[in-house]
Amino acid sequence: QVQLVESGGGLVEAGGSLRLSCAASGRILGVNTMGWYRQAPGQQRGLVASITDGGDTDYVDSVKGRFTISRDGAKTTVNLQMNSLKPDDTAVYYCYFRNYYLTPYWGQGTQVTVSS
């Protein structure tokens, strides 16, 4: 029903920046939420940031002031600008999409590795 294509992961030194992007296609409704979760080695997957169709954002405390989530004009692409990256940010980052409160959809995940 909804497909997500992620890009932008990679290897960066501590203090560097990366920009993740996720494009949604398929059955896109006007009221929806997109965002990014991450799963570090040996850890549970948790929310990094999310953004609604109206532009309301939410961030996990550990990335506030460093990461910025945004959407394109069509509101079908979500971007995560990650600045001042830390080794603790190393994880597989997963894009997600949800129409209203219906079934969520997940991207395949993109690796972000921050070296010390």
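To be clear, the structure that these remarks concern was listed above.
None of these values were measured; they are calculated from a predicted model.

(A) Local environment of a nonpolar patch on the surface. There is a patch of nonpolar side chains on the surface, built from Leu29, Val31, Tyr100, Tyr101 and Leu102 and spanning about 540 Å² of accessible area. Along the chain, Val31 turns up in the loop between β3 (18–26) and β4 (32–39).

(B) Structural context of the sheet that holds strand β8 (residues 77–82). Strand order in the open sheet formed by 4 strands is β1-β3-β8-β7, with antiparallel pairing between adjacent strands. For this open sheet the edge positions go to β1 (2–7) and β7 (67–71), each flanked by a neighbour on one side alone. Adjacent strand axes in the sheet meet at a mean angle of 15 degrees when their direction is disregarded. Summarising the sheet, β1 and β3 pair through 6 bridges and their orientation is antiparallel. Residue pairing across strands places Gln3 opposite Ser25, the latter belonging to β3.

(C) Layout of the pattern of salt bridges. Evaluated as defined, the whole model comprises 3 salt bridges. Between Asp61 and Lys64 there is a salt bridge; the shortest N-O distance is 2.9 Å. Residue classification places Asp61 among the exposed residues on the basis of a relative accessible area of 60%. Notably, a salt bridge pairs Arg66 with Asp89, separated by 2.7 Å at the nearest N-O pair. Of the two residues, Arg66 is situated in the loop between β6 (57–59) and β7 and Asp89 in the loop between β8 and β9 (91–99); the sequence distance between them amounts to 23 residues. With a relative accessible area of 2%, Asp89 lands in the buried category. Put simply, Arg38, Arg66 and Asp89 are held in one network by salt bridges that share partners.

(D) Layout of the packing of aromatic side chains. A full pass over the atoms with the stated rule returns 3 aromatic pairs. The interplanar angle of 75 degrees and the centroid separation of 4.9 Å between the aromatic rings of Tyr37 and Trp106 together place this pair among those described as edge-to-face. With Tyr37 in strand β4 and Trp106 in strand β10 (residues 105–106), this pair connects stretches of sequence that are 69 residues apart. Measuring from ring centre to ring centre gives 5.6 Å for Tyr96 and Trp106, while their planes differ by 40 degrees; the resulting arrangement is tilted. Note that Tyr96 is positioned in strand β9 and Trp106 in strand β10, a separation of 10 residues in sequence. Among the aromatic residues, ring-to-ring pairing joins Tyr37, Tyr96 and Trp106 into one connected group. One Lys or Arg, Arg45, reaches over the ring of Tyr94 and ends 5.4 Å from the middle of that ring. Against the face of Trp106 rests Arg45, its NZ or CZ located 3.7 Å from the ring centre.

Reading the values: rules and limits
- Here, residues in each chain are numbered from 1, in the same order as that chain's written sequence.
- Note on the predicted model: pLDDT of at least 70 is required for a residue's local features to be given, and 80 or more for side-chain atom pairs to be given and counted; whole-chain, interface and lining totals, by contrast, use all residues.
- Note that water and hydrogens are dropped before the side-chain values are worked out from all heavy atoms of the structure.
- Residues enter patches when they are more than 30% accessible in relative terms and free of salt bridges; like-charged ones are connected within 9 Å and nonpolar ones (Val, Leu, Ile, Met, Phe, Trp, Tyr) within 5 Å.
- Only the protein chains shown count as covering a residue, and every accessible area follows the Shrake-Rupley method with a 1.4 Å probe.
- Any carboxyl oxygen of Asp or Glu within 4 Å of a side-chain nitrogen of Lys or Arg constitutes a salt bridge here.
- Secondary structure elements follow DSSP: runs of H or I of four or more residues count as helices, runs of E of two or more count as strands, with numbering from the N terminus.
- Strands pair, by our definition, only if DSSP identifies at least two bridges between them.
- Note on geometry: axes are C-alpha line fits, over the in-contact stretch for helices, and angles between N-to-C directions span 0 to 180 degrees.
- Burial classes follow relative accessibility: with a 1.4 Å probe on protein chains only, a residue under 20% of its type's maximum area counts as buried, one over 50% as exposed, and anything between as partly exposed.
- Pairing of aromatic side chains here covers Phe, Tyr and the six-membered ring of Trp, requires ring centres within 6.5 Å, and sorts the geometry by plane angle: under 30 degrees stacked, over 60 edge-to-face, intermediate tilted.
- Placement of a positive charge over a ring is assigned whenever Lys NZ or Arg CZ falls within 6 Å of the ring centre and within 35 degrees of the normal to the ring plane.

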